[in-house]
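Spelled out from the first residue to the last, the chains are:
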Amino acid sequence: MFAVTRLRVPEATVPAFLTAADELLAALGERPGFLRGELGRSADDPQLFALCTSWDGVGAYRRGLSAAEVKIAGAPVWAHALDEPGVYLTD
């Protein structure tokens, strides 16, 4: 399964956001079932980012996000998240 979180980040806070996103990806990388993750910036809207992660399954994803170190690292990133569905199952 994969998850996509779109984030709207004001230009003035982009440097701090990028640092926080790197820390979040490092914390996620330590979680069982995490396969890969990347952050991208929209070519058409420089304030819009997407955080894409892949996991062994929904259970690994939910357990990964519930880890204390992920919650702490993720707070400054997810503060910019758009409220929309983002978890997708694959065959």
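In this report, the structure presented in the accompanying data block is examined. Because the structure is predicted, anything quoted here is derived from the model rather than measured.

## With respect to the nonpolar core
Ranked by internal contacts, the top residues of the largest apolar core, which has 22 residues, are Leu7, Leu24, Leu28, Trp55 and Val77. Of all the secondary structure elements, the ones that give two or more residues to this core are β1 (2-8), α1 (14-29), β3 (48-55), α2 (58-66) and α3 (68-78). At eight residues, the largest contribution of residues to this core is made by α1. In this structure, Leu28 is in contact with Phe34, Thr53, Trp55, Leu65 and Val70, ignoring residues within four places of it in sequence.

## Examining the side chain of Ser54
When you line up the elements, Ser54 lands in strand β3. Overall, Ser54 belongs to the buried group, its relative accessible area being 13%. Setting aside residues no more than four positions away along its own chain, Ser54 makes contact with Met1, Phe2, Gly33, Phe34, Leu35 and Arg36.

## Quick word on the packing of α2 against α3
At a closest axis distance of 6 Å, the pairing of α2 and α3 adopts a crossing angle of 80 degrees. Of the possible angle classes, the one that applies to α2 and α3 is roughly perpendicular. On α3, the residues touching Gly64, Leu65 and Ser66 of α2 are Ala68, Val70, Lys71 and Trp78. Its residues assigned to classes, the contact of α2 with α3 shows four nonpolar, two polar and one charged.

## A look at α2
For α2, the set of buried residues is Ala60, Tyr61 and Gly64. Looking straight down α2, one finds that the buried residues subtend no more than 100 degrees of arc, so they occupy a single side. Those residues of α2 that are exposed and aimed more than 90 degrees away from the buried face are Arg62 and Arg63. Its buried side turned inward, α2 meets β1, β3, α3 and β4 (87-88).

## Details of the pairing of β3
Among the eight residues in β3, six count as buried, and that is most of the element. Where β1 meets β3, seven bridges bridge the pair, whose relative direction is antiparallel. Paired with Thr5 across the two strands is Leu51, which belongs to β3. Where strand β2 (residues 34-41) lies against β3, seven bridges are found, and the strand directions are antiparallel. Among the inter-strand pairings, Arg36 is bridged to a residue of β3, identified as Ser54. The antiparallel pairing of β2 with β3 creates a hairpin that spans six residues between the two strands.

Rules used in this analysis
- Residues numbered from 1 in each chain as written.
- Predicted model: local features only at pLDDT ≥ 70, side-chain atom pairs only at ≥ 80, totals over all residues.
- Heavy atoms only, no water.
- Core = buried A, V, L, I, M, F, W, Y, C linked by side-chain atoms within 4.5 Å.
- Buried < 20%, exposed > 50% of the residue type's maximum accessible area, 1.4 Å probe, protein only.
- Helix = DSSP H or I, 4+ residues; strand = E, 2+ residues; numbered from the N terminus.
- Contact = heavy atoms within 4.5 Å.
- Axes fitted to C-alpha atoms, helices over the stretch in contact; angles between N-to-C directions.
- Parallel < 35°, antiparallel > 145°, perpendicular 65-115°, else oblique.
- Nonpolar A, V, L, I, M, F, W, Y, C, P; charged D, E, K, R; others polar.
- Arc of directions from axis to C-beta.
- Pairing = 2+ DSSP bridges.

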